[in-house]
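Descriptive structure summary
Residue strings, one per chain:
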Amino acid sequence: MIEFHVDRTGSVPAYAQIVQQVREALRLGLLRTGDRLPAVRDVVVSSRINANTVLKAYRELEHFGLVEARQGSGTFVSGSLGAVEPHDMARLRTGLSRWVAEARQAGLEDEDVQALVTSVLAEEPTAAERAATGQHREVGA
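Our subject in this report is the structure included herewith. (Residues numbered from 1 in each chain as written. Predicted model: local features only at pLDDT ≥ 70, side-chain atom pairs only at ≥ 80, totals over all residues. Heavy atoms only, no water.)

Our focus in this paragraph is the packing of helix H1 (residues 14-28) against helix H3 (residues 51-63). Where H1 meets H3, the axes come as close as 8 Å, and the angle between the chain directions of the two elements is 45°. By the angle between their directions, the pair H1 and H3 is classed as oblique. The interaxial crossing formed by H1 with H3 has right-handed handedness. Contacts from Ala14, Tyr15, Ile18, Val19, Val22 and Arg23 in H1 reach Thr53, Val54, Lys56, Ala57, Tyr58, Glu60 and Leu61 in H3. (Axes fitted to C-alpha atoms, helices over the stretch in contact; angles between N-to-C directions. Helix = DSSP H or I, 4+ residues; strand = E, 2+ residues; numbered from the N terminus. Parallel < 35°, antiparallel > 145°, perpendicular 65-115°, else oblique. Left-handed = near helix turned anticlockwise from the far one by under 90°. Contact = heavy atoms within 4.5 Å.)

Time to look at a nonpolar patch on the surface. A surface patch of nonpolar side chains, amounting to about 460 Å² of accessible area, comprises Leu96, Trp99, Leu116, Val117 and Leu121. Every element with two or more residues in the nonpolar patch is listed here: helix H4 (86-105) and helix H5 (110-122). The element best represented in the nonpolar patch is H5, accounting for three residues. Here Leu121 shows up in helix H5. Judged by relative accessible area, which is 70%, Leu121 ranks as exposed. (Patch = residues over 30% accessible without salt bridge, like charges linked within 9 Å, V, L, I, M, F, W, Y side chains within 5 Å. Areas by Shrake-Rupley, 256 points an atom, 1.4 Å probe, with all protein chains shown as cover. Salt bridge = Lys/Arg side-chain N within 4 Å of Asp/Glu carboxyl O. Buried < 20%, exposed > 50% of the residue type's maximum accessible area, 1.4 Å probe, protein only.)

The full count for this structure, using the stated rule, is three salt bridges. Residues Glu68 and Arg70 are paired through a salt bridge, measuring 3.0 Å at the closest nitrogen-oxygen approach.

Here the focus is the nonpolar core. Among the nonpolar cores identified, the biggest contains 21 residues, and Ile18, Leu31, Leu37, Tyr58 and Leu61 are the most heavily contacted of them. Put simply, the parts of the chain that give this core at least two residues each are H1 and H3. The dominant element in this core, judged by the number of residues it contributes, is H1, at six residues. Setting aside residues no more than four positions away along its own chain, Tyr58 makes contact with Phe4, Ile18, Leu37, Pro38, Val40, Val43, Val67 and Thr75. (Core = buried A, V, L, I, M, F, W, Y, C linked by side-chain atoms within 4.5 Å.)

Moving on, we get to unusual backbone geometry. For Arg48, which is not a glycine, the phi torsion comes out positive at approximately 55°. Residue position: Arg48 is located in the loop between helix H2 (40-47) and H3. On the basis of relative accessible area, Arg48 is assigned to the exposed category, the value being 65%.

This part is about the packing of H4 against H5. For the pair H4 and H5, interaxial distance at closest approach is 10 Å and the crossing angle is 125°. The pairing of H4 with H5 is recorded here as oblique in orientation. When the axes of H4 and H5 are compared, the crossing they make is right-handed. Of the residues in H5, those in contact with Trp99, Val100, Ala103 and Arg104 of H4 are Asp110, Val113, Leu116 and Val117. Broken down by class, the residue content of the contact of H4 with H5 amounts to six nonpolar, no polar and two charged. (Nonpolar A, V, L, I, M, F, W, Y, C, P; charged D, E, K, R; others polar.)

Structure follows, in structure tokens:
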């Protein structure tokens with residue numbers, strides 16, 4: 001079962017942090033359809049946040065079709081994100097872990113690594129990347 005970690009010092013609201021953590025866990029395969037999310041009261045105790053905050057997060061996840069509340073049973077994962085096979089995700093994660101270790105050895109801090117990743121994600125894909133993923137660019141785009 002997932003355990004939420006809420007950063008009270010950051011600028012991201014607590015409910016949004018919970019939503020983000022569930023979405024990440026779904027993408028990484030840590031949560032799967034049928035898995036139960038922690039009971040609201042358990043999240044309140046472990047994260048020391050208001051029950052309404054947890055309920056807001058769970059409602060948002062339900063709105064996006066990722067979870068469903070079952071009266072008297074709890075909140076369960078009902079949807080998924082991404083279509084990457086678990087072994088592919090694990091292989092890519094391993095490669096990324098190596099790259100992060102190399103970046104840290106070169107003296108980069110976590111904020112530097114995040115900035116690099118963000119900048120790469122924002123770049124226009126190259127022709128080779130588009131071909132590898134089956135994307136094509138519209139003429140005149």
